[in-house]
Amino acid sequence: MKKLFPSYVRVPLIFAIVMAALEYFIDSGDRPAFIKHPMVALFLVVFLFLLVAIEVVISAVDKVTYHMLTEEQRKQLEEVQSVSFTESKWVQNLMKSMTRSKSIEQEADVMLEHDYDGIKELDNVLPPWWVNLFYATIIFGVIYLVRFHIVGDYNQGQEFDQEVAAAQLEIEKNKANSPKEEITFDKVTLLTDAESLAKGKEIFTNACAACHKPDGGGIVGPNLTDEYWINGGGIKNVFKLIAEGSKNNPTMVGWAKTLGTTEVQKVASYVLSLQGTKPAGGKAPEGEKWVEEAAPAATDTTAVAAK
Ligand code: HEC
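Residues numbered from 1 in each chain as written. Predicted model: local features only at pLDDT ≥ 70, side-chain atom pairs only at ≥ 80, totals over all residues.

As recorded by an unreviewed UniProt entry, the protein chain carries the name Cbb3-type cytochrome c oxidase N-terminal domain-containing protein and is attributed to Flavobacterium cheonhonense.

Pasting the structure below:
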């Protein structure tokens, strides 16, 4: 039989199938599996190498055996190889078992009597592929009937509700992922829930601790744990300063662009949660003591701006 695909098609094809299967079965989020998991990339490289090696060995063995054949055997081999896929024994047998059609020589056995102007009719059996399909639909129908009309597994209404609920979940998930409404100076409030503060702490450790120390005690930047603020205390001023940066000192840049205002709100809330923690080795107070009632945040905007 002729080979179905030449090796330069076979190797890439098998490789692509294996790679697609890996991609499908390994959960790697938004990145391809072979980038996220180096082991997968390694596996693919080794696999490709083996595929090529196998092809090389097989073709080498073929060549060697061909040279060892006698003239007659070579002819036989060429004959066998010239048979196409559809003419091969295997396909022929499969077709026969699926159709059970009679060969032309045997047609006389199933010929019916009638003759319409020379057109004759054969009484072929129904082809098994068709009959089996028919039985399968009957079995399907019985199972369907029992499951949905007798047992009453679920109906279309319930199915609809389930899908709506699933879609609702999806919407919630998307909302949680997409950037929320912008927080502004007027809207900002102090967050006290553990989740927001934990997120704030994470941001602080990553982005701010280099200048403010992980405990907020201050290095380049001032101590954030005391009641003294250079730029005014309270959630609104702290939020504004972290979002926009300090006008007095460009070392403290604005973070709204990098983090987004919702994250700035969280880190600002976290900073304020450090109030009064008095970390060891904290910097001396700078700025003025902040008293919430004496200077309501709203009026203090002008004070910050004026500085
Ligand atoms: C490159 C160093 C540096 C980084 C990084 C940094 N800061 Fe600052 N920060 C400063 C300096 C310097 C000041 C003082 C600004 C001034 O004098 O107005 C300051 C001031 C502040 C203030 C106001 C303090 C006051 O007394 O008014 C807050 C609040 C603050 N930073 C929070 C943060 C947060 C939150 C982050 C991380 C998102 C951060 N900083 C990252 C250097 C930094």
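Trainee: Would you explain the domain arrangement of the protein chain in this entry?
Mentor: Interface size is commonly expressed as the accessible surface area that is lost when the partners come together. When cut into domains, the protein chain gives domain 1 (7-85), domain 2 (88-116), domain 3 (132-177) and domain 4 (194-306). Relative placement of domain 3 and domain 4: their C-alpha centres are 54 Å apart. (Domains from an automatic or database assignment.)

Trainee: When you look at the site of the ligand in this model, what are you seeing that I'm missing?
Mentor: Around the ligand there are 26 residues in total, and Cys208, Cys211, Gly221, Ser246 and Met252 lie nearest to it. Listed by contribution, the elements that provide at least two residues to the shell around the ligand are α9 (194-212), α10 (234-244) and α12 (261-273). Looking at the shell around the ligand residue by residue, the classes come out as 17 nonpolar, eight polar and one charged. (Near = placed C-beta within 6 Å. Helix = DSSP H or I, 4+ residues; strand = E, 2+ residues; numbered from the N terminus. Nonpolar A, V, L, I, M, F, W, Y, C, P; charged D, E, K, R; others polar.)

Trainee: Which parts of the structure should I look at to understand α12?
Mentor: Side chains three or four residues apart in an α-helix point the same way, a direct result of the helix having 3.6 residues per turn. For α12, with 13 residues, the first-to-last C-alpha span of 18 Å sits near the 18 Å given by 1.5 Å per residue. Most of α12 sits inside the fold, with eleven of its 13 residues counted as buried. Among the residues of α12, those classed as buried are Thr261, Glu263, Val264, Gln265, Lys266, Val267, Ala268, Ser269, Tyr270, Val271 and Leu272. If you follow the buried residues of α12, they end up packed against α9, α10 and α11 (256-259). (Expected span 1.5 Å × (residues − 1). Buried ≥ 20, exposed ≤ 12 C-beta atoms within 10 Å, placed from the backbone. Contact = placed C-beta atoms within 7 Å.)

Trainee: Just checking my understanding: could you explain the packing of α10 against α12 for this structure?
Mentor: The relative placement of two packed helices is expressed as an angle between their axes plus a distance between the axes. At their nearest, the axes of α10 and α12 sit 9 Å apart, and the two run at 125 degrees to each other. As far as their axial angle goes, α12 and α10 are oblique. In the packing of α10 onto α12, the handedness of the crossing is right-handed. Between α10 and α12, the residues in contact are Ile235, Val238, Phe239, Ile242 and Ala243 and Thr261, Val264, Gln265, Val267, Ala268, Ser269, Val271 and Leu272, respectively. Across the contact of α10 with α12, the residue classes break down as ten nonpolar, three polar and no charged. (Axes fitted to C-alpha atoms, helices over the stretch in contact; angles between N-to-C directions. Parallel < 35°, antiparallel > 145°, perpendicular 65-115°, else oblique. Left-handed = near helix turned anticlockwise from the far one by under 90°.)

Trainee: When you look at the UniProt feature "domain: Cytochrome c" (unreviewed entry) in the protein chain in this model, what are you seeing that I'm missing?
Mentor: The positions UniProt marks with the feature "domain: Cytochrome c" (unreviewed entry) are residues 195-275. End C-alpha atoms of residues 195-275 are separated by 18 Å, and the span's content is 57% helix alongside 2% strand. (UniProt positions renumbered as here; feature names shortened; annotations may be inferred.)

Trainee: I'm lost on the UniProt feature "transmembrane region" (unreviewed entry) in the protein chain in this one. Help?
Mentor: UniProt tags residues 6-26, 38-61 and 129-146 as "transmembrane region" (unreviewed entry). Taken end to end, residues 129-146 comprises 100% helix and 0% strand; its first and last C-alpha atoms sit 26 Å apart.

Trainee: Explain the environment of glutamate 78 here, please?
Mentor: Along the chain, glutamate 78 turns up in helix α4 (residues 71-82). On the basis of neighbour counts, which here come to 9 C-beta atoms within 10 Å, the residue glutamate 78 falls in the exposed class. For the pair glutamate 78 and valine 264, spaced 186 residues apart in sequence, the C-alpha to C-alpha distance is 77 Å.

Trainee: Even after reading the chapter, I still don't get unusual backbone geometry, so can you show me in this structure?
Mentor: A negative phi angle characterises most non-glycine residues, just as the trans form characterises most peptide bonds. Even without glycine at this site, arginine 100 takes up a positive phi of about 50 degrees. Looking at where arginine 100 falls in the secondary structure, it is placed in the loop between α5 (89-99) and α6 (107-110). The backbone of lysine 278 shows a phi angle near 45 degrees, a positive value even though the residue is not glycine.

Trainee: How do you make sense of the packing of α9 against α12 when you look at a structure like this?
Mentor: At a minimum axis distance of 7 Å, the contact between α9 and α12 shows a crossing angle of 90 degrees. The orientation of α9 with respect to α12, classified from their angle, is roughly perpendicular. Each of Ser196, Leu197, Lys199, Gly200, Lys201, Ile203 and Phe204 in α9 lies in contact with α12, whose residues at this interface are Glu263, Lys266, Val267, Ser269, Tyr270, Val271 and Ser273. Residues belonging to the contact of α9 with α12 are distributed by class as follows: six nonpolar, four polar and four charged.

Trainee: Teacher, can you tell me more about the pairing of strand β2 (residues 119-122) here?
Mentor: Side-chain direction in a regular strand flips from residue to residue, so the side chains alternate between the two faces of the sheet. Here strand β1 (residues 111-116) pairs with β2 via three bridges, running antiparallel. Its bridge partner lying in β2, methionine 111 is registered against leucine 122. What sits between β1 and β2 in their antiparallel hairpin is a turn of two residues, with aspartate 117 showing a positive phi close to 50 degrees. (Pairing = 2+ DSSP bridges.)

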